[in-house]
Amino acid sequence: MSVVAVQHLAADDIDDAYVLVRLGYADLSRDEWRIVARQRVEADASTGGILIARDGSGRPRGLLLYAIAPKFAGRPSLQIDRLISFDLLDPRAVADTLIAEVLRVAELQDCDSLSLVRPLDAPPHTAALVLASGATVLHQVF
C-alpha cells in the first residue's frame, strides 16, 4: 500500500471521488452524488464533511462521510455514515488512516462519543449490538 494523504473533499474533487462512491453506494448516480457532495462541501464544516484519501500519485483511495451531531445531553457525537476504502493489497491501511483523521476532527469539534450508521433492515443481531454499545442503560429491581 502506498502512503495516503487525507484531506476534506473540495468542490473540485467531487467528480474524481465518484469512482469510490460507486463502491459504497452502487445505486447512486453521478448527478445525485454531485448534489449530495456539493451540499456537504458547502455546509458548515462544524456539522460534518467528507474526507478523501489519495495515494502518492493523487489517485483517490478512500472516502469517509461523517457528521457532527448534537446529542440529547452532553457534547456532540461523531457519526460515521460510510467509510469506503480501496487498495490492491491493503485497503485496511487506507481505512485506518481515514479513521485516524476523522477522530482528530472529532476531537477538535469536542465530540465525546461515536455512532455508526447502520441500515434499519439489519440482521436480528442488531439488538445485541445496541445492548453491547454502551448506549443502553438497563435497570431492574429484582
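Residues numbered from 1 in each chain as written. Predicted model: local features only at pLDDT ≥ 70, side-chain atom pairs only at ≥ 80, totals over all residues. Heavy atoms only, no water.

Caption draft 1: Highlighting a nonpolar patch on the surface. A contiguous nonpolar patch, built from L23, F86, L88 and L89 and spanning about 490 Å² of accessible area, is present on the exposed surface. The topology assignment puts F86 in the loop between β4 (77–85) and α3 (91–108). Given a relative accessible area of 33%, F86 falls into the partly exposed group. (Patch = residues over 30% accessible without salt bridge, like charges linked within 9 Å, V, L, I, M, F, W, Y side chains within 5 Å. Areas by Shrake-Rupley, 256 points an atom, 1.4 Å probe, with all protein chains shown as cover. Salt bridge = Lys/Arg side-chain N within 4 Å of Asp/Glu carboxyl O. Helix = DSSP H or I, 4+ residues; strand = E, 2+ residues; numbered from the N terminus. Buried < 20%, exposed > 50% of the residue type's maximum accessible area, 1.4 Å probe, protein only.)

Caption draft 2: Inspection of the side chain of D87 at higher detail. Counting through the fold element by element, D87 comes out in the loop between β4 and α3. Among buried charged residues, D87 stands out as having no salt bridge; its nearest opposite-charge side chain is R61, 4.2 Å away. Of note is the side chain of D87, whose polar atom sits 3.0 Å from the backbone nitrogen of L89. In terms of polar contacts, D87 uses its side chain to reach the backbone amide nitrogen of D90, at 2.9 Å. (Lys, Arg positive; Asp, Glu negative; His and termini not counted. Polar contact = N/O pair within 3.5 Å; in protein donor to acceptor, adjacent residues only side chain to side chain.)

Caption draft 3: The arrangement of the pairing of strand β2 (residues 48–54) in detail. Where burial is concerned, most of β2 is hidden: seven out of the seven residues are buried. Residue alternation in β2 divides its side chains into two sets, G48, I50, I52 and R54 and G49, L51 and A53, and both sets are buried. One ladder, built from four bridges, connects strand β1 (residues 5–8) with β2; its direction is antiparallel. Paired with V6 across the bridge in β2 is A53. In this sheet, strand β3 (residues 60–69) lies alongside β2 in antiparallel orientation, the contact comprising seven bridges. Across the sheet, the residue bridging to I50 is L65, located in β3. Taken together, β2 and the strand that follows it, β3, pair antiparallel across an intervening segment of five residues, in which G58 is found at a positive phi of about 90°. (Pairing = 2+ DSSP bridges.)

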